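Okay, here's what each chain looks like letter by letter:
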Amino acid sequence: MTERIIPIADGRYVAPVPIVPTDAPAPSGRLPDARGRPLHDLRISVTDRCNFRCTYCMPKAVFDKDYRFLPHASLLSFEEIARLARLFIAHGVEKIRLTGGEPLLRKDLEKLVAMLAPLTGAAGRPIDLTLTTNASILPRKARALRDAGLQRVTVSLDALDDRVFRAMNDVDFPVADVLAGIEAADRAGLRPLKINMVVKRGVNDHEIVPMAQRFRGSGHIVRFIEFMDVGASNGWRMDDVVPSAEVVSRIAEHFPLQPVEANYAGEVAERWRYLDGSGEIGVISSVTQPFCGSCTRARLSTEGRLYTCLFATDGHDLRALLRGGHSDEQIAAALGHLWSRRADRYSEIRSSRTAGLRKIEMSYIGG
Ligand code: SAM
């Protein structure tokens, strides 16, 4: 197979400083965008670095030894992240996910967890705080994260077959060590555990049924994700996508399934449960069944840029406001202004016309 690598579009350094309106109302906890979608989830990328080189996310040909990762001084500090998190919560955010890059590579991440975990959202309810990780460092970190107040984790695992897994992470990382991370998280009480598998046709689709089989009855929820055209470096082609409908029917041939209601409006994964009561799976179908209409997610990059869509080309420089001496009221007003104008719906308009856009990389914006 010939690999097609598109040169990376480095849009990281171009981001306008947001307008700070002078007459904005105080945050009310409900902030609809231009399409009526409230601000509900915040994904925070804490590092753009990763110790894996998954071929579909950070291909070695682009993220090699000469790749310029962000210098430490440009990263938001934990205090800056926590300050922004409070302002997002004032506008209605109830769920925060820490991500990256590989978030556990950020030194002392549990300190940030300890700062975010006590934050409360609407009606004084604690926010839902979680983390997405490749689990490579979880055996060492799970207990400290739990003690700091982390509620649960999502682990990425693309195959159980060691050969396939090592080839996909492209750093020869053994699957046994990820399974040890999952066990450590479970033992530490980081539950319910979700396990994300990105499915690429001809690469790991033969692992769909073994993954379902392995985690049935474990209490963990495997979520099968359609390979997406995020960023500009992974050589995405529609032929590589295995539609979620096919994933469900392949699993159902072995283990009958029935659909389940979403847990809440705007939930990304479509839920299916095993008829024999041995748990559930999820499918995330951004390509074949876009869910832009109910997307309530904002993304904060490692250096404090706000992105209002995973497939965005441009961010908004919140760090400039933080470091420019603006007050909480001013930054909250800027956030309100930005979100109320949000009209993104990339997955609904994906076409040959959108194919050449300089989309930001997933490792930078956060998965
Ligand atoms: N390093 C962490 C991890 O491995 O979970 C967090 C960051 S990673 C970018 C977040 C998630 O995005 C992972 O589950 C990864 O598999 C998924 N991902 C990355 N590129 C993707 C793509 N092109 N399509 C679908 N999912 C992708």
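None of these values were measured; they are calculated from a predicted model. (Residues numbered from 1 in each chain as written. Predicted model: local features only at pLDDT ≥ 70, side-chain atom pairs only at ≥ 80, totals over all residues. Heavy atoms only, no water.)

Asker: With reference to specific residues and values, describe the overall build of the protein chain.
Answerer: Along the protein chain, the regular secondary structure elements total 11 helices and 12 strands. Relative to the 2.2 N^0.38 estimate, which gives 21 Å for 367 residues, the radius of gyration of the protein chain is 20 Å and therefore close to what a compact globule would have. In terms of overall dimensions, the protein chain has C-alpha extents of about 60 × 45 × 40 Å along its principal axes. A total of 367 residues make up the protein chain; the buried ones form 56% of that total. Expressed as a percentage of contacts within the protein chain between residues at least 6 apart in sequence, the contacts between residues at least 24 apart total 75%. Looking at the protein chain as shown, the accessible area adds up to about 15500 Å², and 52% of this sits on carbon and sulfur atoms. In the protein chain, the 50 positive side-chain charges and the 45 negative ones have mean positions that sit 2 Å from each other. (Helix = DSSP H or I, 4+ residues; strand = E, 2+ residues; numbered from the N terminus. Rg over C-alpha atoms; globule rule 2.2 N^0.38 Å. Buried < 20%, exposed > 50% of the residue type's maximum accessible area, 1.4 Å probe, protein only. Contact = heavy atoms within 4.5 Å. Areas by Shrake-Rupley, 256 points an atom, 1.4 Å probe, with all protein chains shown as cover. Lys, Arg positive; Asp, Glu negative; His and termini not counted. Charge placed at Lys NZ, Arg CZ, Asp CG, Glu CD.)

Asker: Please set out the side chain of threonine 130 residue by residue, giving values where relevant.
Answerer: Counting through the fold element by element, threonine 130 comes out in strand β3 (residues 128–133). Threonine 130 sits in the buried class, given a relative accessible area of 0%. Reaching out from threonine 130, the side chain makes a polar contact with the backbone oxygen of arginine 152 at a distance of 3.1 Å. Discounting chain neighbours no more than four positions away, the residues touching threonine 130 are Ile96, Arg97, Leu98, Leu150, Arg152, Val153 and Thr154. (Polar contact = N/O pair within 3.5 Å; in protein donor to acceptor, adjacent residues only side chain to side chain.)

Asker: Account for helix α2 (residues 109–116), naming residues and giving values.
Answerer: Those residues of α2 that fall on the buried side of the exposure criterion are Leu109, Glu110, Leu112, Val113 and Leu116. Each buried residue of α2 sits inside an arc of 155° when the element is viewed along its axis, so together they form one side. On its buried face, α2 sits against α1 (78–90), β2 (95–99), β3 and α3 (138–148). (Arc of directions from axis to C-beta.)

Asker: Any details on the environment of alanine 82? Residues and values, ideally.
Answerer: Along the chain, the position of alanine 82 falls in helix α1. Assessed through its relative accessible area of 3%, alanine 82 is described here as buried. The spatial distance from the C-alpha of alanine 82 to the C-alpha of aspartate 186 is 27 Å, given a sequence separation of 104 residues. Apart from residues no more than four positions distant in its own chain, alanine 82 is found in contact with Met115 and Leu116.

Asker: Give me the lowdown on the sheet that holds strand β8 (residues 270–274), citing residues and values where you can.
Answerer: Here we have 12 strands laid out as an open sheet, ordered β7-β8-β9-β6-β5-β4-β3-β2-β1-β10-β11-β12, and mixed in their pairing. Two strands close off the open sheet at either side, each with one partner strand: β7 (257–260) and β12 (316–317). (Pairing = 2+ DSSP bridges.)

Asker: Lay out the pattern of salt bridges in plain terms, naming residues and giving numbers.
Answerer: The full count for this structure, using the stated rule, is 26 salt bridges. Note that aspartate 162 is salt-bridged to arginine 166, the shortest N-O span being 2.6 Å. One end of the pair, aspartate 162, and the other, arginine 166, are both in helix α4 (residues 162–169), 4 residues apart, so they sit about a helical turn from each other. Residue arginine 166 is classed as partly exposed on the basis of its relative accessible area, which comes to 26%. Aspartate 240 is the partner of arginine 237 in a salt bridge, and the nearest nitrogen-oxygen pair spans 2.9 Å. (Salt bridge = Lys/Arg side-chain N within 4 Å of Asp/Glu carboxyl O.)

Asker: Account for the site of the ligand, naming residues and giving values.
Answerer: The local shell around the ligand holds 20 residues, among which Tyr56, Gly101, Ser156, Met228 and Met362 are the closest. Interatomic distance of 2.5 Å between a side-chain N/O atom of serine 156 and an oxygen atom of the ligand. The fraction of the free accessible surface of the ligand (550 Å²) that becomes covered by protein chains is 94%. Every element with two or more residues in the shell around the ligand is listed here: β3, β5 (194–199) and β6 (221–226). For the shell around the ligand, the residue count by class is 8 nonpolar, 10 polar and 2 charged. (Near = heavy atom within 4 Å. Nonpolar A, V, L, I, M, F, W, Y, C, P; charged D, E, K, R; others polar.)

Asker: Any details on the side chain of threonine 308? Residues and values, ideally.
Answerer: Mapped onto the elements, threonine 308 comes out in the loop between β11 (305–307) and β12. Taking the relative accessible area as the measure of exposure, threonine 308 reaches 10% and is therefore buried. Reaching out from threonine 308, the side chain makes a polar contact with the side chain of aspartate 344 at a distance of 2.8 Å. In contact with threonine 308, not counting residues within four places along its chain, are Arg297, Trp339, Arg342 and Asp344.

Asker: How would you sum up the nonpolar core? Please name residues and give values.
Answerer: Phe88, Ile96, Leu98, Leu157, Phe224 and Ile251 are the most contacted members of the largest nonpolar core, which totals 115 residues. Among the elements that make up this core, the one with the highest residue count is α1 (8 residues). (Core = buried A, V, L, I, M, F, W, Y, C linked by side-chain atoms within 4.5 Å.)

Asker: Hey, could you go over the pairing of strand β10 (residues 297–300) for me, with residue numbers and the actual values?
Answerer: Both faces of β10 are covered, namely the face carrying Arg297 and Arg299 and the face carrying Ala298 and Leu300. Across 2 bridges, the pairing between β10 and β11 is antiparallel. Paired with leucine 300 across the strands is leucine 306, a residue of β11. Hairpin connection of β10 to β11: 4 residues between the antiparallel strands, including glycine 304 at a positive phi of 85°.

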